[in-house]
Amino acid sequence: MNLEIRAAVARATRTVIPQWPLSSFIAVNPLGAHEFEDFDRVATTRPRKAFLADYETGRITDRDLTTAVLQRVPELTGAGNVALGNRVWTAAELVAAELVHADHHGMAPSTTTEPDIVDELVSKWIAAYLDPHPLWEMPNRHQGLWAAWTAMGCYDPHLSGTAQRRLRDLPHTADEGLAHALTMLGVHGSQTEAVLQREAQRLPGWLAHIKWRSDHVGDIDVTSYLAIRTTLRWALGLPAPDETATHLPESATVWERAASIISILSESPASPDTLAHVARILGLHPPQFHAFTWQNAYEDHYRRQLLASLSTTASGPADPRSQVVMCIDVRSEGMRRHLEADPSIETYGFAGFFGVPIRFARYQARGSIDAVPALLAARHMVTEATTDLHLARRRTSALRLRDAFAAGVHAGETVPAAPFALAETLGWFLGAGTLLRTLWPSSTHTVKRLRRHTTPTISTHVTIADAFTLDERVAFAETGIRMMGLDRFAPLIILAGHGSTSTNNLYQSALDCGACGGNPGAANARAAAAIFNDPDVRRLLAHRGLSIPDTSFFVAAEHNTMSDRIDIFDHHLIPRSHTVAVSDFLHAQTTASNLLVAERSTQLPGATGHSTARVRQRAHDWAEVYPELGLAGNSAMIIGPREMTRGVDLKRRVFLHSYRPECDLDGSALETIMTAPLVVAQWINHQYYFSTVDQNRWGAGTKTLHNAIGTIGVLSGHTGDLQSGLPLQSVAIGTTGLHELMRLSVLIQAPLDRIGTIISRNQVLRHLFDNNWITLTARNDQNSPWRRYSTYGWFPEPHLDPTTQGE
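About the thresholds
- Residues numbered from 1 in each chain as written.
- Predicted model: local features only at pLDDT ≥ 70, side-chain atom pairs only at ≥ 80, totals over all residues.
- Heavy atoms only, no water.
- Pairing = 2+ DSSP bridges.
- Helix = DSSP H or I, 4+ residues; strand = E, 2+ residues; numbered from the N terminus.
- Axes fitted to C-alpha atoms, helices over the stretch in contact; angles between N-to-C directions.
- Contact = heavy atoms within 4.5 Å.
- Phe/Tyr/Trp six-rings, centres within 6.5 Å; stacked < 30°, edge-to-face > 60°.
- Buried < 20%, exposed > 50% of the residue type's maximum accessible area, 1.4 Å probe, protein only.
- Parallel < 35°, antiparallel > 145°, perpendicular 65-115°, else oblique.
- Left-handed = near helix turned anticlockwise from the far one by under 90°.
- Nonpolar A, V, L, I, M, F, W, Y, C, P; charged D, E, K, R; others polar.
- Salt bridge = Lys/Arg side-chain N within 4 Å of Asp/Glu carboxyl O.
- Core = buried A, V, L, I, M, F, W, Y, C linked by side-chain atoms within 4.5 Å.
- UniProt positions renumbered as here; feature names shortened; annotations may be inferred.

1. Here's the deal with the sheet that holds strand β4 (residues 345-350)
Step number 1: Strand order in the open sheet formed by 5 strands is β4-β3-β10-β11-β12, with mixed pairing between adjacent strands. Each edge of the open sheet is held by one strand with a lone partner, namely β4 and β12 (565-568). Neighbour-to-neighbour, the strand axes of the sheet open up by a mean angle of 30°, direction not taken into account.
Step number 2: Judged from the 5 bridges that link them, strand β3 (residues 322-327) and strand β10 (residues 492-499) form a sheet pairing that is parallel. Residue pairing for β10: M326 is matched across the bridge by A496.
Step number 3: The strands touched by helix α23 (residues 522-533) within the sheet are β10 and β11 (553-560), with β11 carrying the most contacts at an inclination of about 170°.
Step number 4: In the packing of helix α25 (residues 579-601) onto the sheet, contacts are made with β3, β4, β10 and β12, and the angle to β12 comes to roughly 160°.

Right under this line is the structure:
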């Protein structure tokens, strides 16, 4: 393949965002490759009727609209007033009136590409290659996708005889195959990139996963995929795909718009001068602005209410007995709020991996997990060690015996003819188990608990000293303390990661953590606690001005976001001096947990009025498509001291990262927060945004039709594209929206010049803020006014009352 075609492949697929396998779900912005462009130019938003419905209910007000109009077109401030009917309209009010009364939304309708025969054939072969049958693997699979397909494709019974004959003598490499197919299709020169781009758009889910897999596994690549597509198209006698034309609604002229709005607002005809004046005003706000002016008004309304709620914040406890550090995940907000009802408890928000990126394997386990955000690489291998080797051997033997039995049953299900014998021998038992599991979902949990009791338990500790040097441990500890603004130390400090529990849920990993590869944070919490309790680490931290008292002890824990319980780990490591404090905390968390489950049940479908025990049983019900609500509703991120938000009900919608500027004199901690947790939060926010705004294009459809392809992903039905994004049940209840369609509003309490400097030297942040993918509002301190960031500098947050402004 010549270099021109190779370059065309790269250009044709450069905007494809890699899609992680479902077993390690990572939230992504599906339009992340377009962040260098303005959000309004590449994204889409809700239909006008949805905004009008919110306007009728007061969710969007006239003030929201005029504010959004003036932000969009500041020139309207000096455009003069117009007398129509019985009142005088400002220019902004006139434009807002047009938004409400005239339909010039200007959004192109959502289009879906109908699958063709090439899509169906390619989907079948890609699925067979990436999820091979354990006994019937594709021939030549070890040589790559192209070799495996060329060995089998010519025997495909869905192809005509002519097509099969064309596939019998293909080039040996994918590069040559793609060049050959393009030549046979008559595609040359400048047409090549456009044709490849249109082929790449046919099955975006499969292509996105292939792009991820080519980087992380290396057994498939984009070139092979496109070579197969174009070769099939030639073999079937089909032409190269044509460009799909997008037809925008025809816009009215500005004179027609002016005459229309005048007729609506006034019973009398307007003079020619008035008509011209109105036309000049409306001309400043063309129809292509309308949709996102509505969107800005919708978001401004929420942001203004959020800022107003922060003006009534309370101070923290004077002398806390316990401090709890939880993930910034929006689901932690509810737990923190209810825990803080106990005045002796103080909470902090920090990234759920606690700044300790590790690859973790349990004691003598065969596999490992990368307990680390996608932005980082796991370079430190951590495992478990124990002093009771005899008990450990018994436990390992018991677990391996159980694994062998499960593997034997699985093999019996997949080997030809064996399923008949399996049904005869185990069918009655499995059938009874299925019936029990269906009628009494909680029995599954009971069986698991009994099975655990039959397996010896051992006390372990994580091997931190083997994985990190002392300097690395000190660096991790210092960074963590400065980033979360931990300026005092309670006797008991709990580091709580988070995970979730659900049954028969292909999207389980999306509930564990959408940023950390779908892994719960227990291993990171244990590693971080071990580092903070290390006497050598504390000694060196003291030399750096960070003294942790000898009376303070760190404990690892995990917040289960389904049951909202916090479980403490490594009880055997807790000194006797702290057992009472731990007991007191467990009592407080039980109360908080029950309150939070009751609060959540009002939003879970079919859970209103149910007991907390019944709500928690959803975790074991294999027919339940709403085990919990995940991060639905996420809308903002607050970076600052907890005093800003303590006592405020943020409705489990806000990412909370603790930060104190006085603990971060050089601004490095804030820069880390803005370039890592903030970026991950916007990934999650945009994953929800686009999965909600267009399920067909960026969502995964309903769970009830999902067909798993191994641990790679799901199809909607038995064939077609690999589904991307979140399923319908993550963003809606039937046809009722569960997630509000809003871009992330970021609020920071830190010196504005420090924030501006950080943005100016980070291209990713400049793209996000300057191109309106997210918004930023900040203030220097609690007594300073809120300011909105723009490409031209900071300006006052519009329409906040003096109290909220802080001055």
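2. Side note on the packing of aromatic side chains
Step number 1: Following the criterion strictly, the structure yields 15 aromatic pairs and no others.
Step number 2: Here the aromatic rings of W146 and W149 are separated by 5.7 Å at their centres, their planes lie at 45°, and the arrangement is tilted. Of the two residues, W146 and W149 are both situated in helix α7 (residues 145-152); the distance of 3 residues between them amounts to about one turn of the helix.
Step number 3: By relative accessible area, W146 is classed as buried at 4%.
Step number 4: Given the relative accessible area of 1%, W149 is considered buried.

3. Describing the sheet that holds strand β22 (residues 793-796)
By way of backbone hydrogen bonds, the strands of a sheet pair with one another, either parallel or antiparallel.
Step number 1: Judged by pairing direction, the sheet is mixed, and its 6 strands sit side by side in the order β14-β13-β19-β20-β21-β22 without closing on themselves. In this open sheet, the two edge strands, each paired with only one partner strand, are β14 (654-658) and β22. Mean inter-strand twist for the sheet, computed between neighbouring axes without regard to direction, equals 25°.
Step number 2: The pairing of strand β20 (residues 775-779) with strand β21 (residues 787-790) spans 2 bridges and is classified as antiparallel. Residue pairing for β21: T777 is matched across the bridge by R788.
Step number 3: Relative to β20, helix α31 (residues 752-760) is tilted by about 150°, and along the sheet it contacts β19 (745-749), β20, β21 and β22.

4. Observations concerning the packing of helix α4 (residues 62-72) against helix α5 (residues 91-101)
Step number 1: One way to put it is that α4 packs onto α5 with a least axis distance of 9 Å and a crossing angle of 115°. Judged by the angle between their axes, α4 and α5 are roughly perpendicular. The two elements α4 and α5 meet at a crossing, and its hand is right-handed. Every residue of α5 that contacts α4 at L65, T66, V69 and L70 is listed here: A92, E93, V95, A96, L99 and V100.
Step number 2: Taken together, the residues that form the contact of α4 with α5 break down as 8 nonpolar, 1 polar and 1 charged.

5. What about the environment of G153?
Step number 1: Topologically, G153 is positioned in the loop between α7 and α8 (161-166).
Step number 2: Given a relative accessible area of 1%, G153 falls into the buried group.
Step number 3: Sequence-wise, G153 and Q164 are 11 residues apart; in three dimensions their C-alpha atoms are separated by 7.6 Å.
Step number 4: Leave out the neighbours within four places in its chain, and G153 touches W125, L159 and L167.

6. Quick look at unusual backbone geometry
Keep in mind that most residues, glycine aside, have a negative phi and that most peptide bonds are trans.
Step number 1: In this structure, N140 takes a positive phi of about 65° despite not being glycine.
Step number 2: Assessed through its relative accessible area of 31%, N140 is described here as partly exposed.
Step number 3: You will see that K651, though not glycine, has its phi angle at about 60°, which is positive.
Step number 4: The residue K651 is located in the loop between β13 (636-640) and β14 in this model.
Step number 5: Taking relative accessible area as the criterion, K651 reaches 52% and is therefore assigned exposed.

7. Quick word on the pairing of β20
Step number 1: Most of β20 sits out of view: 5 of its 5 residues are buried.
Step number 2: Pairing of β19 with β20, which is carried by 5 bridges, proceeds in the parallel orientation. Note on β20: the bridge partner recorded for L747 is T777.

8. Some details on the pattern of salt bridges
Side chains bearing opposite charge may pair, as long as their charged atoms lie close to each other.
Step number 1: Scanning the model with the defined rule gives 51 salt bridges in all.
Step number 2: Close ionic contact of R788 with E797 constitutes a salt bridge, the shortest N to O distance being 2.8 Å. Both residues of the pair, R788 and E797, belong to the buried class.
Step number 3: Here the salt bridges do not stand alone but share partners, grouping D116, D119, E199, R202, R229 and R233 into one network.

9. Observations concerning the pairing of β12
Step number 1: Of the two faces of β12, the one lined by I566 and I568 is fully buried and the one lined by R565 and D567 carries no buried residue.
Step number 2: Looking at chain direction, β11 and β12 are connected through 4 bridges and run antiparallel. Residue H559 lies in a different strand from β12, and its bridge partner there is I566.
Step number 3: The antiparallel hairpin formed by β11 and β12 contains 4 residues in its connecting segment, where D564 sits at a positive phi of about 60°.

10. Considering the nonpolar core
Step number 1: Of all hydrophobic cores here, the largest spans 99 residues; its most connected members are M674, I748 and I755.
Step number 2: Ranked by the residues each element gives to this core, the list is headed by helix α28 (residues 677-693), at 10 residues.
Step number 3: Once residues within four sequence positions are removed from consideration, I755 is found in contact with L670, M674, I748, A750, L776, A778 and W794.
Step number 4: In this structure, V9, V16, A148 and W234 belong to the second largest nonpolar core, which totals 50 residues.

11. Brief notes about the UniProt feature "binding site: Zn(2+)" (unreviewed entry) in the protein
Step number 1: UniProt tags C327, D329, H498 and C513 as "binding site: Zn(2+)" (unreviewed entry). These annotated residues cover 187 residues of sequence, and their C-alpha atoms all fall within 9.8 Å of one another, placing them together at a single site.
Step number 2: Here C327 is in contact with S332, F350, G352, A496 and H498, once residues within four sequence places are set aside.
Step number 3: Here C513 lies in the loop between α22 (508-512) and α23.
Step number 4: Given a relative accessible area of 8%, C513 falls into the buried group.
Step number 5: Those residues in contact with C513 that sit more than four places away from it in its chain are F25, H498, G518 and N519.

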